[in-house]
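Each chain, letter by letter, is given below.
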Amino acid sequence: MSNFKKLYICKNLDELEEKTGIPDVRTREMRSLLESARKINEEATKRYNEGDQEAAYILYTRYFNLLNNIHKRDNYQQYKSQIRKILGDNQTNKLTMDRLEDLTKSLDKRYTLLNKNANLSNANEITQTSLMQLRQLDLTSHSNNQIQRSRSVSPLKNGVERNGLLNAITCQQLYDSMQAQSVLVMDCRPSSDYGESKLNYSLSFNVPAEIIREGMSAGKLQDKLDQESKKLWSARAIKDQVVLMDWNSSATELKGNSPIRILLDILQWWDPDVVYRSPIRILEGGYEFFVMGYPTRCINPMVVKPQLSSTFMESSVLIEDIEYPSVNDIQLKDDIIAKNQSNSSLIIHKTSSSGRPTVDRSSKSAAMKLYDDKRKTINEIAKEQEVLLEKAKENDEQLEQIAEQFNSVDHKKQLINGETEMMYQFMQLESEAEDYKNEIKRLKAQIHHYRRRDEEEKANLPIQLVKDVEQIEAKIEERERVDEQRKKERQQLAEKFAIANKNKCLTRNNNSKAHFEENDLEENKENLKLTIPTTKLNPPQFDRSIKPKHSSPVDTEERIRNFSPVSGKVGRGLTGLKNLGNTCYMNSIIQCLSNTPSLAEYCITDKYKNYVSRNNKTRGEIVDEVAAIIKMLWTGGYKYVASRDLKYIIGQYQKMFRGYEQQDSHEFLTILMDWLHSDLQTLTLDPLREPKTASDKAWLDFTKAKESLILHLFYGQIKSIVKCAECENESATYECFSNLSLELPENDSTCDLEECLDMYFSGERIHGWNCPKCEHKRDALHVTTKHAIKKLNIAKLPPVLVIHLKRFYADTDSPCPSYKKKLNYLRFPLQNLDMSPYITVSERKRSTPTLYRLYAVSNHYGFMESGHYTAFCKNDALNHWYKFDDHMVTPLDSSKVISSAAYILFYTRLSPLQAIN
């Protein structure tokens, strides 16, 4: 390779080496690491072929650093075949290493030559400057050219080394600087993209990509700007920082011919009249990352990054539309179920295929190591058992106290308020007791497997280890006897609570019907009189000679609300919600939404008022009430408040929420999301902008060319594929979603979220489908005939991913059909949930971030007939988890977030910078 790209990143190999480090990836899953390594290697090869030796060196070195980390993983052997398949064998990586060594030698020579020439240039510059001073020449046009030429080879200009480090600024740093009004932002995206969406910031302006050309000076570029932009352009010398951004550039990997790279060169080397106060910086990840992290600081944050050129789209559309070249590439749901069943028994250590140990027992040191490993494993199990048994015992004592308190009441037929809270506490403790039972069962399975393995290996455990194992087994058996003894007692207590609570609900609904229709209605009329005048409640009278005025958000600003606040200094976001009578389902969801940072900021700062629709079914009233309650939750001045106005307004638009019966929090969330989207659906898209793909068209059909912040945060898109096994034809449809509803495995006390996602996005055979290509009816019922397979993928990942676990199901086998609840203990990640296996080809090509972190959980305790909801939320300001149990808010250890009560999971997407930190 002879056509090397000009050196632009560093001055020597030492500086270049500093850029090759990788972040701490110890918590990343193996599958995620392999995908990252593959992408890095591909990009490195691309840069190498383009002659960009510096970028290739950085990326190849990062690749080997990551590969070294992969090899050190404990589960390396388990993934060995997959690693070879994705990253190649030893010979392949040896060739890559040889390439890296060649790069090192070549760059060393080039840097040596570069520095030698730079020293000569410095000497020439000094000589020329001295001559100019002696001759005292005026700055004519000719001398101006000479000065600019001398500056073009100067090693330092405006605090930035020409071949040194390009300064990056993160989205959070830019946001902080915007708050302080200390930064000038030059947006060099095309003017059409800038007009569609831009920063909501007075010191930001557009330097259109179409006017930026190589060889231009700063003066010529200024002449091409509009008048408003020229005013801001002149501020570049007085602002503390100047930041450049495009759609998604990185400071360390700017393309040589890109508009942002050319603009940077113009400002650094062809702007002689300005001395910048600090180095010019590049927004890491560009506008695409910023609009994802700070949508409220952007105008039209629902913007989608433009697709590639139409020529490329035409050539690749057939490839992008086809998700699976062969029907055999689709993993079927039946195969996953069979795999999960075969893996249901716990395996701690694998033996060789013969069942014999792989340790050479003739070696004394090997025998000692084997003994130490066994002792360590048994000690770990014993310690974990001790902690679990102690927690289970404490849980028993609390349950006994509740039973004594409730039984001391003289057989009341219905609950009073204090006893209702007692019932809720009972449900939570009972759920925790089941979790402890499942964990103890897991330990029992470990010990059982450990014994069986030793029997297969014909290994005799030392006497002390045998005694330790027997002691663990004895404690487990004792605990199982205790659980069995108390099972009947707790079932009886649960039945008593359920009957008393049902009677209370019936009595309350009967007695309060008139009160709700009269007293509450009058009270709310009084509270809402400034918002809903009588002309809105009665048929309106129009004077058609007068043009009607447009409804304004100002109508709702003076509304008087009854929060019944209980004062008390608490942290911001740590205010509870009073239970108004089985309203825990609503309280749980509101707390989860309140801890969604972008939504909370939107409400607290009143920015939502600029986008409220008063012409839809709910007239903007739902978002007004949600925003009002979120504001109260974040004042930090109340222990708890009541959401009476929110409940009243919601009840006006949905009858099921009017009374005091328990409702499903998932159903409430789904309806609320639709209402909030409708209330804020005022962001109009360009009607002349044609959708480029079937996915875009389906999205446009769903939004009706009007979008909202709710849509941008919570809504994604599913691609449903049906593939014919005969002719391989693939048909696709698209559907928007605000949450994913996942099935839980049958008869499985413990499972992983990954299993549920695999099941949801796996393929399944379908029948009764007519293939439009080969025109044959496909029937999955006849295994001898060719069939069709249906498969789901995510075409658009939302920034906030809400996952609903389908715990309730209709039991049609029992004599009295009813709904029952699955009590699976679901393990789900608090960090780095990886959704990359479930996205479409086109979404993967857009490089959409696919890692998420958990920030809230809506929990359900009890059963369908009688239950209680709470929320576990991570306060973004305090960086700590809290439990929201109606009006009670208490700190929560992160180890307790995962439980069998988890019902709805709230994940927020990590930007690439967050994902690697």
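Residues numbered from 1 in each chain as written. Predicted model: local features only at pLDDT ≥ 70, side-chain atom pairs only at ≥ 80, totals over all residues. Heavy atoms only, no water.

**With respect to helix α11 (residues 259–269)**
Line of reasoning, step 1. Counting buried positions along α11 gives nine out of eleven residues, so the element sits mostly inside the fold.
Line of reasoning, step 2. Ile260, Arg261, Ile262, Leu263, Leu264, Ile266, Leu267, Gln268 and Trp269 are the residues of α11 that are buried. (Buried < 20%, exposed > 50% of the residue type's maximum accessible area, 1.4 Å probe, protein only. Helix = DSSP H or I, 4+ residues; strand = E, 2+ residues; numbered from the N terminus.)

**Observations regarding the sheet that holds strand β8 (residues 281–283)**
Line of reasoning, step 1. Strand order in the open sheet formed by five strands is β3-β8-β7-β4-β6, and the pairing between neighbours is parallel. Both edges of this open sheet fall to β3 (167–169) and β6 (204–206), since each of them pairs with a single strand only. On average, each strand axis in the sheet is inclined to that of its neighbour by 30°, with strand direction left out of account.
Line of reasoning, step 2. Pairing between strand β7 (residues 241–245) and β8: two bridges, direction parallel. When the bridges of β8 are listed, Val243 appears paired with Arg281.
Line of reasoning, step 3. Here α11 sits on the sheet and contacts β4 (183–187), β7 and β8; the angle it forms with β7, its principal contact strand, is near 155°. (Pairing = 2+ DSSP bridges. Axes fitted to C-alpha atoms, helices over the stretch in contact; angles between N-to-C directions. Contact = heavy atoms within 4.5 Å.)

**A short note on the packing of aromatic side chains**
Line of reasoning, step 1. The full count for this structure, using the stated rule, is 14 aromatic pairs.
Line of reasoning, step 2. Considering the side-chain rings of Tyr585 and Phe668, the 5.6 Å spacing of their centres and the 85° angle between planes classify their relative orientation as edge-to-face. Pair noted here: Tyr585 is in helix α19 (residues 584–594) and Phe668 is in helix α23 (residues 665–679), with a separation of 83 residues, a long-range link.
Line of reasoning, step 3. Looking at Tyr585, the relative accessible area reads 2%, which means it is buried.
Line of reasoning, step 4. Relative to Phe906, the ring of Tyr855 has its centre 6.1 Å away and its plane inclined at 65°; by these criteria the two rings are edge-to-face. Taken together, the positions of Tyr855 in strand β28 (residues 851–862) and Phe906 in strand β32 (residues 902–909) put the pair 51 residues apart, joining distant regions of the chain.
Line of reasoning, step 5. Taking the relative accessible area as the measure of exposure, Tyr855 reaches 2% and is therefore buried.
Line of reasoning, step 6. Three or more aromatic residues joined by ring pairs make a cluster, and in this case those are Tyr175, Phe290 and Tyr294.
Line of reasoning, step 7. Above the ring of Tyr48, the side-chain terminus of Arg99 is found at 4.1 Å from the ring centroid. (Phe/Tyr/Trp six-rings, centres within 6.5 Å; stacked < 30°, edge-to-face > 60°. Lys NZ or Arg CZ within 6 Å of the ring centre and 35° of its normal.)

**Let's talk about the packing of helix α20 (residues 597–604) against helix α21 (residues 621–633)**
Line of reasoning, step 1. Put simply, α20 and α21 touch, their axes get as near as 8 Å, and they point 100° apart. Classified by the interaxial angle, the pair formed by α20 and α21 is roughly perpendicular. From α20, Ala600, Cys603 and Ile604 reach across to α21, where they touch Ala627, Ile630 and Lys631.
Line of reasoning, step 2. In the contact of α20 with α21, the residues fall into five nonpolar, no polar and one charged. (Parallel < 35°, antiparallel > 145°, perpendicular 65-115°, else oblique. Nonpolar A, V, L, I, M, F, W, Y, C, P; charged D, E, K, R; others polar.)

**Things to note about the environment of Lys231**
Line of reasoning, step 1. Tracing the backbone through its elements, the reader meets Lys231 in helix α10 (residues 227–233).
Line of reasoning, step 2. Classification of Lys231 as exposed rests on a relative accessible area of 55%.
Line of reasoning, step 3. Taking the C-alpha atoms as reference, Lys231 lies 9.8 Å from Phe205; in sequence the two are 26 residues apart.

**Quick look at the side chain of Gln241**
Line of reasoning, step 1. Inspection of the secondary structure assignment puts Gln241 in strand β7.
Line of reasoning, step 2. Under the relative-accessibility criterion, Gln241 is labelled buried at 14%.
Line of reasoning, step 3. At a separation of 3.2 Å, a polar atom in the side chain of Gln241 contacts the side chain of Ser177. (Polar contact = N/O pair within 3.5 Å; in protein donor to acceptor, adjacent residues only side chain to side chain.)

**Considering the confidence of the model for the protein chain**
Line of reasoning, step 1. In the predicted model, the protein chain carries a mean pLDDT of 76, and the fraction of residues at 70 or more is 73%.
Line of reasoning, step 2. Here residues 308–320 is a poorly scored stretch, pLDDT under 50, and it has eight contacts once near neighbours within four places are set aside; other chains count.
Line of reasoning, step 3. Predicted confidence for residues 512–557 stays below pLDDT 50, and this span has 37 contacts to residues more than four positions away or in other chains. (pLDDT = per-residue confidence, 0-100.)

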